[in-house]
Amino acid sequence: MNESEEKISLRKREESFYMANDGQNHIATPTSTTKRIGELDLIRGMALLGILIANMQIFSYPYLYTSIIETGWWQNAWDQTALWFIYLFVEQKFFTIFSFLFGLGFMIFLQRAKHKTDRPIRLYVRRLLFLFVLGLIHTYLIWSGDILLPYALLGFLLIFFYHKSAKTMLTWAVGLLMASCLFMIIQTFLFDNFMAARAPSVLVIENLIQDSVHAYSQGTYVDMLIQRLLDSDFGMEFNIFMMPMILAMFLFGAYAGKKELFRNLNQHRTGIKKVWRWSFIIGTVFLIVQVVLRTQVDAQNSGYNMAHIIGVLISAPALCFFYITSVLLLLQREIWQRILRPLKAVGRMALTNYLLQTVVCTLIFYSYGFGMYGKLGPVLGVVLAFIIFGIQIIASNLWLKYFKFGPMEWIWRSFTYKGVFAKTLEKED
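Visitor: Looking at this model, I keep getting lost on the overall build of the chain. Mind explaining?
Guide: Looking only at helices and strands, the chain has 18 helices and two strands in total. When each of the 429 residues of the chain is scored for burial, the buried share is 50%. Across the chain, the fraction of contacts at a sequence separation of at least 24, relative to all contacts at a separation of at least 6, is 80%.

Visitor: Would you explain the environment of Tyr 140 in this entry?
Guide: Looking at the secondary structure, you find Tyr 140 in helix H6 (residues 120-142). Looking at Tyr 140, the relative accessible area reads 31%, which means it is partly exposed. Between the C-alpha atoms of Tyr 140 and Ser 232, which are 92 residues apart in sequence, the distance is 8.6 Å. Every residue in contact with Tyr 140, bar those within four places of it in the chain, is listed here: Leu 149, Leu 225, Arg 228, Leu 229 and Ser 232.

Visitor: For this particular structure, what's the right way to read helix H10 (residues 202-217)?
Guide: Residues spaced three or four apart along an α-helix point in a common direction, a consequence of the helix completing one turn every 3.6 residues. Between the first and last C-alpha of H10 there are 22 Å, a value that for 16 residues agrees with the 22 Å anticipated at 1.5 Å per step. Those residues of H10 that fall on the buried side of the exposure criterion are Ile 205, Leu 208, Ile 209, Ser 212, Ala 215, Tyr 216 and Ser 217. Angularly, the buried residues of H10 cover 170° about the axis, an arc narrow enough to put them on a single face. Every exposed residue of H10 that faces more than 90 degrees away from the buried side is listed here: Leu 203 and Gln 210. Tucked inside the fold, the buried residues of H10 contact helix H3 (63-66), helix H11 (221-258) and helix H16 (350-365).

Visitor: Explain a nonpolar patch on the surface here, please?
Guide: Judged by side-chain polarity, Val 133, Leu 136, Ile 137, Tyr 140, Leu 141, Tyr 221, Leu 229, Leu 356, Val 359, Leu 363 and Tyr 368 come together as a nonpolar surface patch covering roughly 900 Å² of accessible area. Contributing elements (two or more residues each) for the nonpolar patch: H6, H11 and H16. A total of five residues in the nonpolar patch trace back to one element, the largest contributor, which is H6. With respect to the helices, strands and loops of the structure, Ile 137 is situated in helix H6.

Visitor: Is there a simple way to explain unusual backbone geometry in this structure?
Guide: Across residues other than glycine, the phi torsion is negative in most instances, and most of the peptide bonds are trans. Look at Gln 92: it is not a glycine, yet its phi comes out positive at around 70°. We note that Glu 260 has phi near 55°; this positive angle belongs to a residue other than glycine. With respect to the helices and strands, the residue Glu 260 is situated in the loop between H11 and helix H12 (269-296).

The rules behind each value
- Residues numbered from 1 in each chain as written.
- Predicted model: local features only at pLDDT ≥ 70, side-chain atom pairs only at ≥ 80, totals over all residues.
- Heavy atoms only, no water.
- Helix = DSSP H or I, 4+ residues; strand = E, 2+ residues; numbered from the N terminus.
- Buried < 20%, exposed > 50% of the residue type's maximum accessible area, 1.4 Å probe, protein only.
- Contact = heavy atoms within 4.5 Å.
- Expected span 1.5 Å × (residues − 1).
- Arc of directions from axis to C-beta.
- Patch = residues over 30% accessible without salt bridge, like charges linked within 9 Å, V, L, I, M, F, W, Y side chains within 5 Å.
- Areas by Shrake-Rupley, 256 points an atom, 1.4 Å probe, with all protein chains shown as cover.
- Salt bridge = Lys/Arg side-chain N within 4 Å of Asp/Glu carboxyl O.

What follows is the structure, encoded as structure tokens:
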């Protein structure tokens, strides 16, 4: 069988697998777990650990405010070491991995959806609408550090790139990072730093810290709701500058999906090694730039410390690719396949596990639970993150022994496909 015949045969098998005919029209059905790309689930699971470690600071104390002024919080050597570890190796790195996977998932979803229905964009929009509503609930009723809402909003922009070439996606991704970086350089060094000029005073920030501790550790649910609104408003300035990076990572992921780079990783081994090497070099150089800007420029301001974002915009995506390719290279060895395999289940239930992290952590730190907010330092926060994630690994693997999908994934898919597989949660005997 020649290459052309193989492609035709493969496409027919995919179509017969993906589509169920109702006699007149094709009914869209979700992708079978046998069609999942295991490496992506594993990387997604790894990203959830990094996100939990980074988010633990926001869950456990008023990091949003303590990170921008010298407050005297957590001054012992162990906590300072933990803070620097998180800043250098965790913050923004795993968040960008998640963003990359979102863009990659967008392309894979639409490529598969076009075999299921003649309206793949419609399915994608339904998928985003569910994420948007869930993000609103998560952000304003549970926790202000949500990423689902910005993902849903920016996800709509990906629709405009669906029919674009891979080269166009890559050009836009690089362009967004470069333009954002240039803007930050201009506003920081060539003109008066308007972010610093608008920054709140030290007294205002200290009051916000006290209000946060009171609301989350002792306050009523209404007190926490009001504080969440203040936190969201305060963090909006920073989030605006992160939006181009998120969209850029979406497009990098869409590029990988368009090129089908994860279909046969063995064919791309040379390219993976090249990305691994150059992403480490570029990421390290700009991480140094990031640290210098934070300690030498941001340290002079008491409010919105934004100069180090110049380094973040390049170092975070570069080190994201370094982490991803490092995992792919490790997976070429059987011993690492066995060691890392349990992470696949966590990644397959990424939405469920992400939301569970919020539920568990808010119960630990907020007043309606154990009220530990402001009492647990960075070192213990990292330890707690590993404990929670370890439990999630066990629970996820047990769950998927009996069910095809995580509970939130099942609800999400039911909404996307209008409930056509509402009876397929349980595994068949």
